[in-house]
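Single-letter residue listing:
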Amino acid sequence: MAEFIYPKLIGAKIRSQLAYRASFAVDFVSQVLAQCYELIVILVLFSQVDALGGFSRDEVLLMYAFAGAAFGVADLFAGQLDNLPTYIRTGSFDVLLMRPLRVLPQIMCSDIRLRRIGRITSAVGVMIYALTHVPIDWSPAKILLTVLTPVAGAVIYSAVWVVACSVCFWIVEGREFANAVTYGSNAFTSYPINVYSRPLRWVMAYVVPGAFVAYYPSLALLGKEDPLGLPGWVGWTSPLVAALAAGVAGLVWRFAVRHYRGTGS
Amino acid sequence: MLAGATTNVVFGLLRLAIISAAVTAAHGEIADYDIAATNTYVWIGQGLLGFVLLWGNNELAERVRSGDVVVDLYRPWHLQGALLAQDVGRGGYALLTRLAPPMVFGMLLFPFQFPENPARWPLFLLSATIALVISFGVRFLVELSAFWLLDNRGLYGFWNVSSGLLCGLTVPIAFFPEWARNALWASPFPALLQAPIDVFLGHGNVVKLLLYQAFWAAAILAIGHFALQRAVRKVVVQGG
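Everything numeric in this text was worked out from a predicted model, so none of it was measured.

Caption draft 1: Here's a closer look at the UniProt feature "transmembrane region" (unreviewed entry) in chain A. Residues and elements named next belong to chain A. UniProt feature "transmembrane region" (unreviewed entry): in the numbering of this structure it lies at residues 28-49, 61-81, 117-136, 148-172, 203-221 and 233-256. Secondary structure within residues 28-49 divides into 95% helix and 0% strand; the distance between the first and last C-alpha atoms comes to 32 Å. Helix and strand shares over residues 117-136 are 85% and 0% respectively, and the end C-alpha atoms of the span are 28 Å apart.

The structure is reproduced here in structure tokens:
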């Protein structure tokens, strides 16, 4: 039954957003702009310097574009989890539990925000620019890596989102905590990770596997040595890391839902 | 509270790392920003963000949409003045809970550029307070647009994504190319964040900065006043 319901739910959400065309257009443009502002920051910094952490402007743009596209896709599907604290506080989470469907997919389909496509569009635009301007020794494997990187990145971000929002089952105002990790890791992964201080890098690059969204795949594509000393094959492991992150997220989510107690009414 | 502070610190650390990396790559200084000035800039910025309340909650606009605003307009007060008084009161509390903590955090953990002249401290507070008034004025205008747009969430979102860059939160305005710098300083936006930070760091002329802020505070409050007058004429109360 479920396979028939989800397309219908998603379709209804999409139609409802397209009903107010002007409002949708403004939202869409805001998202394109939001992504462009991050681009402007990179361009402003590179108007002052030639390299950041040993990476040229176009190389940083490649990382920024991978991160932006992956985050946009993750936001499209997992961004709705930001509403979880409201569901829990108001008790409407009980309604989700009562329905004969899995809870996580229900939340993910509850509000597919099409305007996020604005973010993805501008990121893909920058990606095309960067890929044609950085020196890459193309091979079939590298083409596959280029296609897989944003997908793996989106899975990693989504997993981060699920784990971070699971905190909300224990902390009522957990949303801001979660934002530090979700939106924070988007900001983090847009730059080469060797610019960050060691503690920040440990948390945001390896505990939260942000380094595998854009940094290591970009190194592999560019054929560059990691200034932090990890071997070259690490750049090819992002899909594995994504699968692992998704597995961990699934376990954490189940654990969290099992410990949910309704607030009563 | 704690959650908000964590987020604030995480974003501060991220911004700090990136700008510091650029400053280091430029042999220790970009446009009067060395490492200590960069640290100071970032942590004052993270504090001012909550003090001037760059991103509001769009509450007035929601009241316009729902019609509850009629109750606000009934009351024997000037709506803009009353809300401004409320916001300044909020600022008094935010001074201790939002502005001071990130600044102290920056002072304790990183090289910090303290003002050479102690008179800079009260001047910084004055500048930050004017910034709060301008921030209120801009938010008031954005919310007031709901009288014409009914659904102002597009404009509200637009302000939320744009303000960080325009006000000098994400990257110091001094880093921009000259034409962009001139354009920004001709607008009210740097008055919200960059101006108080410049007063603290001793970048530019203090008197000029304060006059620039005072001009925009007066201008934006005046525009808000007239916009409110126009908006009230559109209000129709149906029934009781």
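Don't stop here, the text continues.
Caption draft 2: Spatial organisation of the confidence of the model for chain B. Counting all residues, the mean pLDDT for chain B is 92, and 99% of those residues have values of 70 or more. Confidence metrics for the complex model read pTM 0.90 and ipTM 0.89.

Caption draft 3: A look at the interface of chain B and chain A. Counting residues at the interface gives 27 residues for chain B, matched by 31 residues for chain A. Those elements that place two or more of their residues in the side of chain B that touches chain A are α1 (2-25) and α8 (153-166) of chain B. It is α1 of chain B that contributes the most residues to the side of chain B that touches chain A, 13 residues altogether. By residue class, the composition of the side of chain B that touches chain A is 19 nonpolar, seven polar and one charged.

Caption draft 4: The arrangement of the environment of glycine 67 of chain B in detail. One can find glycine 67 of chain B in the loop between α3 (59-66) and α4 (69-74). Along the chain, glycine 67 of chain B and valine 235 of chain B lie 168 residues apart, while their C-alpha atoms are 9.2 Å from each other.

Caption draft 5: Structural detail: unusual backbone geometry. All names here are of chain B. The phi dihedral of histidine 27 falls on the positive side, at around 60°, and the residue is not glycine. You can see histidine 27 is positioned in the loop between α1 and α2 (35-53). With phi around 70°, aspartate 32 is a residue other than glycine that occupies positive phi space. Note that aspartate 32 resides in the loop between α1 and α2.

Caption draft 6: Seen up close, helix α11 (residues 206-234) of chain B. All names here are of chain B. The end-to-end C-alpha distance of α11 is 42 Å, a good match for the 42 Å that 29 residues give at a rise of 1.5 Å each. Considered for burial, the residues of α11 that qualify are Leu209, Gln213, Trp216, Ala217, Ile220 and Gly224. Buried residues belonging to α11 abut α5 (79-109), α6 (120-144) and α10 (194-201).

Caption draft 7: Highlighting the nonpolar core. Ranked by internal contacts, the top residues of the largest apolar core, which has 137 residues, are Ala65, Phe66, Ala70 and Ile156 of chain A together with Ala131 and Ile134 of chain B. Considering each element in turn, this core owes the most residues, 16 residues, to helix α3 (residues 57-78) of chain A. For alanine 70 of chain A, the contacting residues outside a window of four places in its chain are Pro150, Gly153, Ala154, Tyr157 and Val213 of chain A.

Cut-offs applied
Residues numbered from 1 in each chain as written. Chains lettered and ligands numbered in written order. Predicted model: local features only at pLDDT ≥ 70, side-chain atom pairs only at ≥ 80, totals over all residues. UniProt positions renumbered as here; feature names shortened; annotations may be inferred. Helix = DSSP H or I, 4+ residues; strand = E, 2+ residues; numbered from the N terminus. pLDDT = per-residue confidence, 0-100. Contact = placed C-beta atoms within 7 Å. Nonpolar A, V, L, I, M, F, W, Y, C, P; charged D, E, K, R; others polar. Expected span 1.5 Å × (residues − 1). Buried ≥ 20, exposed ≤ 12 C-beta atoms within 10 Å, placed from the backbone. Core = buried A, V, L, I, M, F, W, Y, C linked by C-beta atoms within 7 Å.

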